[in-house]
Amino acid sequence: MAMIHEYAVSVEWTGNRGTGTSGYRDYSRDHVVRIEGLPDILGSADRTFRGDAGRHNPEQLLLTALAQCHMLSYLHQAAKVGVVVVDYQDAATATMETQGSGGRFIQAVLRPVVTVADAEMVEAATSAHHQAHLDCFIANSVSFPVEIEPTVIVGGLTR
């Protein structure tokens, strides 16, 4: 039986410089993303699209959502199969192409570096990425390929 989960955010444009959108260069792309009970996210467009490079942009946040979702699915899968993960870091990238006034993402690559507690866990730790990818809600929701290029390192538990 499918369960439905609903999410809510509010986005407020804060970039009116006094004349609204009277011209392409007359307004800021700045905005605030609000989620009840959490700190605000200051957003803008990518600098390429006249945005503020000091604020998060939607393209970065989409890639962030993919990386977070895979990590959380992976940690669950690792615990489920008995892999003790002691560190997890990802250096994810994405490629977007524009054409005319629109565009689309054409690929994302996640590069998780996972440190496990014991050398005997390396094979299971590597294979757990496949199921984690299948389980990731965000990866299942996008129409472009999301590749996973994992690295597994053996390290001891910190005592």
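In what follows, the accompanying structure is described. (Residues numbered from 1 in each chain as written. Predicted model: local features only at pLDDT ≥ 70, side-chain atom pairs only at ≥ 80, totals over all residues. Heavy atoms only, no water.)

A word on the packing of helix H1 (residues 58-81) against helix H2 (residues 122-135)
The interhelical angle for the contact between H1 and H2, taken along N-to-C directions, is 125 degrees, at an axis separation of 8 Å. Classified by the interaxial angle, the pair formed by H1 and H2 is oblique. Note on packing geometry: the crossing formed by H1 with H2 is right-handed. Here His70, Ser73, Tyr74 and Gln77 of H1 lie close against H2, whose contacting residues are Ala125, Ala128, His129, Gln131, Ala132, His133 and Asp135. Across the contact of H1 with H2, the residue classes tally to four nonpolar, six polar and one charged. (Axes fitted to C-alpha atoms, helices over the stretch in contact; angles between N-to-C directions. Helix = DSSP H or I, 4+ residues; strand = E, 2+ residues; numbered from the N terminus. Parallel < 35°, antiparallel > 145°, perpendicular 65-115°, else oblique. Left-handed = near helix turned anticlockwise from the far one by under 90°. Contact = heavy atoms within 4.5 Å. Nonpolar A, V, L, I, M, F, W, Y, C, P; charged D, E, K, R; others polar.)

Some remarks on the state of the cysteines
Evaluated as defined, the whole model comprises one disulfide. Two residues share a disulfide in this structure: cysteine 69 and cysteine 136, whose sulfurs sit 2.4 Å from each other. Of this pair, cysteine 69 sits in helix H1 while cysteine 136 sits in the loop between H2 and strand S8 (146-148), and the two are 67 residues apart along the sequence. Judged by its relative accessible area of 10%, cysteine 69 is buried. (Disulfide = S-S within 2.5 Å. Buried < 20%, exposed > 50% of the residue type's maximum accessible area, 1.4 Å probe, protein only.)

With respect to H2
In this model, H2 (14 residues) spans 20 Å end to end at C-alpha, consistent with the 20 Å of a helix rising 1.5 Å per residue. Considered for burial, the residues of H2 that qualify are Ala125, Ala128, His129 and Ala132. Along its buried surface, H2 packs onto H1, strand S4 (85-90), strand S7 (112-116), S8 and strand S9 (151-154). (Expected span 1.5 Å × (residues − 1).)

Focus: the pairing of strand S5 (residues 93-99)
Each regular strand displays side chains that alternate between the two surfaces of the sheet. Here S5 pairs with strand S6 (residues 102-110) via seven bridges, running antiparallel. The residue bridging threonine 93 from the neighbouring strand is valine 109, located in S6. (Pairing = 2+ DSSP bridges.)

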